Amino acid sequence: MPTDSPSAPFPETLECQVTGMSCANCAANVEKALAALPGVGQAFVNFASERVTIRFDPGRITASRLVAAIEAAGYGVLKAGADLPVTGLSCANCAANIEKAVLRLPGVLQASVNFAREHLAVTYLADRLDLPAIAAAVEAAGYGVILPAPEADTGLDAEARARAQEISRQRTAFLVGAAFSLPLFGLSMLRDFHLLGAWAHEPWVNWLFFALASPVQFFTGRDFYVNGAKSLRNRSANMDVLVAMGSSCAYFYSLAVMVLPGLSGHVYFETSAVIITLIRLGKLLEARAKGRTSEAIKKLLNLRPKTCTILRQGQEVPVAISQVQVGDTVVVRPGESIPVDGTVKTGVSAVDESMLTGEPIPLDKAPGAPVFGGTINREGLLRIEATKVGRDTVLARIIRLVEEAQGSKAPIQRIADRVSAVFVPTVIGIACAVFLLWWVLGGAFVPALIRLVAVLVIACPCALGLATPTAIMAGTGKGAELGILFRSGEALEKANALTFIVLDKTGTITTGQPTVADIIPAADASPDAVLAMAAAAEHGSEHPLGKAVVAEARARNLALPAVEDFRAVPGQGVEARIAGRLVRVGKPGWLQSLGIRLDPAEVAIRRLQDESKTVMVAATETTLLGFIAVADPVKPSAPEALARLAEQGVEVVMLTGDNQRAARRIAGQLGIGRVLAEVLPDEKAGEIRRLQHEGRLVGMVGDGINDAPALAQADVGFAIGTGTDIAVEAAEVTLMRGELTAVPRAIALSRATMQTIRQNLFWAFFYNVLLIPIAAGVLHPFAGLPAMLRDLHPILAALAMAFSSVTVVTNSLRLARLRL
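The following refers to the structure shown. (Residues numbered from 1 in each chain as written. Predicted model: local features only at pLDDT ≥ 70, side-chain atom pairs only at ≥ 80, totals over all residues. Heavy atoms only, no water.)

Some details on the packing of aromatic side chains
- Summed over the entire model, instances satisfying the criterion amount to 17 aromatic pairs.
- Ring centres of Y253 and Y268 lie 6.3 Å apart, and the angle between their planes is 40°; this geometry places the pair in the tilted category. You can see Y253 sitting in helix α8 (residues 239-259) and its partner Y268 sitting in the loop between α8 and α9 (269-292), a full 15 residues away along the chain.
- Grouped by ring-pair contacts, the aromatic residues W207, F210, F218, Y225, Y251, F252 and F269 constitute a single cluster.
- The aromatic ring of Y75 is capped on one face by K230, whose charged end is 5.5 Å from the ring centroid. (Phe/Tyr/Trp six-rings, centres within 6.5 Å; stacked < 30°, edge-to-face > 60°. Helix = DSSP H or I, 4+ residues; strand = E, 2+ residues; numbered from the N terminus. Lys NZ or Arg CZ within 6 Å of the ring centre and 35° of its normal.)

Right under this line is the structure:
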């Protein structure tokens, strides 16, 4: 646990790839080493993705010290270094300025400028940063930098290389082990079955077995000794300790039989060699399978082009994507990926935005239209003004959300963490007890030793450690493919148990693009006159209904009078001074409370409201001008979404600031039984709290700024991704498409992920609970059982252990093929 108080500020987050971990206990060792440092608020390691996330106070501790702590614990961090020539230096202060600029970049560990040589030496996290980003920081500080070559290396490339190197290393170790183990195992078995003749029992044959087993023990099995020693140095014990102990017992007992005159009997070199080789095979398959759990991130990152073309002084210049700045004009040709978020300056085209919305049909883009990085320009040449670059783009934010979710821990993982913390010491205790029990009661040393080895090698803490994070990674990755972004593993878990879904009406159930349906003037005024006056008053409003009124006036080419003293009254309407008169436009109840008589029009108002239209009243301080009825059509996907939620057993509540009649009319059309209408923006969070006080787990779906407090209050907030940035930031789940069907799909994905986690944990626990006693010999008295079950051979134990982790990871990967 962190040493700092929970209230201490830890504003910075460092994420990096950790190398050298072999099981969940290694992840716990890294967490403990970091949590003991002053200035660290939280540190957690995702063993499946091999990433650490550290929240810390940069005023008390530096990123380089954090990395040093990981390395001191015996593990590695994916780092890179470069020595870059810099230009434009005039004094030592210039060198200091460059160092400060580079050190501010997230992921830079060290930066030093040699003023005499005019060189920048920098060490950075290879999976977080690249050289073009460092060069951009130097240039932003007012200096130049010379890159050694066009650099297209990214964090994805560095991580992919590291994983490829790890797989290659595991493969080499396994092949060496197999090359020596197979002949050793074959000769040993043939000798045991007396198929080789008398020569096979000569003393030199045992020395041949020793020669074949030793490379396996100390080359293929080297990691088990090294990592086991690291773990013990950190006052912990991991899977490597079990494997090293088990194989060493067989190996060194066999060596003792050969060299000590007082000992005689069978040697078990083949047992130690095959144990190590099989477990190494399991680690190889596990490494390959774990790499597939991050496929979603790879697909997202591959959407980003590494270079692009910008206009500088009228010339097209190819540059690295990291060098594009806000305000640059980017040239995108047909078939190219759009590199930044921006606005079309010139050109007309169709852009494929399916990676954001899931919609396969390209959208037409013309000057003034927004475009997003990672989308594909299908037809015409576009010139785009960059408005967001780098980490600020929508795609970068999606990648960040998925990475954070994949690196987080779900609450259910605490069970596995608690068990893993005591698992290895418990297994060692059981193995020693089994050995003593069989030696004392059975009177034979060798069978007792064989059972000790079997117990040690069959126990698998890796399966426990991988059960939750691999499923979380696969689930969040599948969600990203579907346009459903879970902010954390906790959100993914909680969505599984939701009993209430509260839906905001405008923009969530409805299209959020209301249009004027009716204009009813009072007295002898014309409809256009009422519309012009109301549109002038609403011109400064951000409310969707006000925008609909203004849009209708523009569509009719009406001239709007000048406005003074505009003021919005939250939840009620607007008022403004027009030609010396105070004009108000808003809810009928508000106007009535201000003294405007609506009695003659009550029948018309009720009729319009019964038609699910929202009525807006326009009036001066004393005179009624007329009514404007605005309709916001229901989204076509709403009926299907609500039907699926009902099938899932989730009760739907509609929440709206609209009047009761209009709200109930739409609710009746969609079969929604519970309606909370006429709720002001600042009251929405309170309504969520009231539902929670009923003992319900509540999800909230919204898209507007006024939904943000309710989204934050809900147990799980779902933000429609087409809504505002504030709503998206307040929510725990972002639905990139504006369709309601994404809500039941998110819940279904959550339930499938949790089912997978429960399956993984069950099999991990069941595997150990069942097989450890069998390895200990509890079935030995049952003579009718097969010999392989009565007396489980360590080689079979190693085979079972090797494939237990692979089974868990493979089960998690099934989520990638899930149909929702």
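Still more ground to cover, so stick around.
Focus: the packing of helix α6 (residues 203-220) against helix α7 (residues 222-233)
- Where α6 contacts α7, the two axes come as close as 4 Å, and the packing angle between them is 40°. Considering their axes alone, α6 and α7 lie oblique with respect to each other. Two secondary-structure elements touch here, α6 through Q217, F218, F219 and T220 and α7 through R222, F224 and Y225.
- Residues belonging to the contact of α6 with α7 are distributed by class as follows: four nonpolar, two polar and one charged. (Axes fitted to C-alpha atoms, helices over the stretch in contact; angles between N-to-C directions. Parallel < 35°, antiparallel > 145°, perpendicular 65-115°, else oblique. Contact = heavy atoms within 4.5 Å. Nonpolar A, V, L, I, M, F, W, Y, C, P; charged D, E, K, R; others polar.)

Focus: the sheet that holds strand β15 (residues 370-371)
- As summarised here, the arrangement of the six strands in space is β10-β9-β11-β17-β12-β15, forming an open sheet in which the pairing is antiparallel. Single-partner strands in this sheet number two, and they are β10 (315-320) and β15.
- With four bridges connecting them, strand β11 (residues 329-332) and strand β17 (residues 382-388) associate as antiparallel partners. Across the sheet, the residue bridging to V331 is R383, located in β17. (Pairing = 2+ DSSP bridges.)

A short note on the pairing of strand β28 (residues 698-702)
- Among the five residues that make up β28, five are buried, leaving the element largely enclosed by the rest of the structure.
- Residues of β28 alternate between two faces, with V698, M700 and G702 on one and G699 and V701 on the opposite face, all of them buried.
- As paired strands, strand β19 (residues 500-504) and β28 are joined by four bridges and run parallel to one another. Within the sheet, the bridge partner assigned to V502 lies in β28 and is M700.
- In terms of strand pairing, β28 meets strand β29 (residues 716-720) through four bridges, oriented parallel. Note on β29: the bridge partner recorded for V701 is F718. (Buried < 20%, exposed > 50% of the residue type's maximum accessible area, 1.4 Å probe, protein only.)

Considerations on the sheet that holds strand β13 (residues 349-352)
- Taken in spatial order, the three strands of this open sheet run β14-β13-β16, and their pairing is antiparallel. Of all the strands in the sheet, just β14 (363-365) and β16 (376-377) have a single pairing partner and so form its edges.

Section: the side chain of S637
- Position of S637 relative to the elements: it lies in the loop between β25 (624-631) and α22 (638-647).
- Given a relative accessible area of 10%, S637 falls into the buried group.
- A polar contact is formed between the side chain of S637 and the side chain of E739, at a distance of 2.5 Å.
- For S637, the contacting residues outside a window of four places in its chain are E739, L740 and T741. (Polar contact = N/O pair within 3.5 Å; in protein donor to acceptor, adjacent residues only side chain to side chain.)

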